[in-house]
Amino acid sequence: YKQSLNESFKLNFVKSIVAAKLKNSRVLIMRLNQRLKSPELSAAIYGLRRCVESVETVDNIDTARGFEGKGSAIYFSIFKYFLSGKFVFITRTRRPPLDPVNVMLSFGYTMLYNIITSIIYSRSLDPMIGNLHTIDYGRNSLALDLMEEFRPIIIDALVISLINKNIITESHFTADAENNLPCRFTDAGRKIFIERFEEKLDNRVRYAHDNILIPYRRILEKQVSEYINLLDNSISGYLPVIIR
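Here the structure is a predicted model, which means the values were calculated and not measured.

Calculation notes
Residues numbered from 1 in each chain as written. Predicted model: local features only at pLDDT ≥ 70, side-chain atom pairs only at ≥ 80, totals over all residues. Heavy atoms only, no water. Helix = DSSP H or I, 4+ residues; strand = E, 2+ residues; numbered from the N terminus. Buried < 20%, exposed > 50% of the residue type's maximum accessible area, 1.4 Å probe, protein only. Lys, Arg positive; Asp, Glu negative; His and termini not counted. Salt bridge = Lys/Arg side-chain N within 4 Å of Asp/Glu carboxyl O. Polar contact = N/O pair within 3.5 Å; in protein donor to acceptor, adjacent residues only side chain to side chain. Contact = heavy atoms within 4.5 Å. pLDDT = per-residue confidence, 0-100. Expected span 1.5 Å × (residues − 1).

**Student:** How should I be thinking about the side chain of Arg92 in this particular structure?
**Tutor:** Structurally, Arg92 is set in the loop between helix H3 (61-77) and helix H4 (100-122). Put simply, Arg92 is tucked away with no salt bridge, and the nearest opposite charge, on Asp156, sits 7.1 Å away. Among the polar contacts made by the side chain of Arg92, one reaches the side chain of Asn102 at a distance of 2.8 Å. With sequence-adjacent residues up to four places away left out, Arg92 is seen in contact with Phe76, Asn102, Leu105, Ser106 and Tyr109.

Structure representation (structure tokens):
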């Protein structure tokens, strides 16, 4: 609670997590562009790099939020290039998501949010006290903060894989535009997504901070511990997870 009143603490943390999210998004695009060599993807890579550079030099959180929003807009403007098959992605939509890709993204983000919230509770922190995300009724803002760096590398990567490997298809969704009902998972589609999400969390990947192979689930726990160390002034700055 004391650190939530420390503007310098909050700004430095926000700059770290926003830059990490944008860097991870940029790496995914760079990997895709190695195959496609698209001018549009190259422009997005450059645009995200400029956003990262700008975030790292901002002097207030609102400006950091602005570059996070700009970077996310760039990223989702080219998200369609990640996808093969019949799924069409035009833009990011929420509350409700209007198409199958957005349904998967929103559902995945919600599941990640819930898991990080449970880890935060287990470490006796108040999940509502965030930095990038302001305090709001019923919102676990700290969980939203700590999931930012993982959105591209866990959820977005999972959605791309499920679509491109034809694991989830159009048959796993229902929609009724005539009655103004939103697009939703079928029970079978939701079951598949949850199973694959759990498998993703159990994947062992290299955790660069300790140079060890551990599951994503354990990495999430370690990053909450990293934040606690930051709160206690045990470390000078938050070290996010950034893929290469």
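Moving on from the coordinates now.
**Student:** In this structure, what is going on with the confidence of the model for the protein? I would like to understand it.
**Tutor:** Predicted coordinates in regions of low pLDDT should not be interpreted in detail. For the protein, the mean per-residue pLDDT works out to 94, and 98% of the residues sit at or above 70. In the model of the protein, strand E1 (residues 173-176) stands out as the element of lowest mean pLDDT, 80, in contrast to helix H5 (residues 141-147), which has the highest, 98.

**Student:** Just to check I follow, could you spell out helix H6 (residues 151-164) for this structure?
**Tutor:** Every α-helix carries 3.6 residues per turn, so stepping three or four residues along brings you back to the same face. The end-to-end C-alpha distance of H6 is 18 Å, a good match for the 20 Å that 14 residues give at a rise of 1.5 Å each. By the criterion of burial, H6 is predominantly enclosed, with 11 of the 14 residues buried. What H6 keeps buried is the set Arg151, Pro152, Ile153, Ile154, Ile155, Asp156, Leu158, Val159, Ile160, Leu162 and Ile163. Looking at the buried residues of H6, the elements they touch are helix H1 (7-36), H3, H4, H5, helix H7 (187-202) and helix H8 (216-231). Just past H6, the residue Asn166 takes up positive phi, approximately 60°.

**Student:** Explain unusual backbone geometry to me, please; I cannot follow it from the model alone.
**Tutor:** Peptide bonds are, in most cases, trans, and in most cases residues other than glycine have a negative phi. At the junction of Arg95 and Pro96, the peptide bond is cis and its omega measures out at 0° in the coordinates. Along the chain, Pro96 turns up in the loop between H3 and H4. A positive phi is found at Arg95, a non-glycine position, where the angle reads about 45°. Position of Arg95 relative to the elements: it lies in the loop between H3 and H4. The exposed category is assigned to Arg95, whose relative accessible area is 79%.

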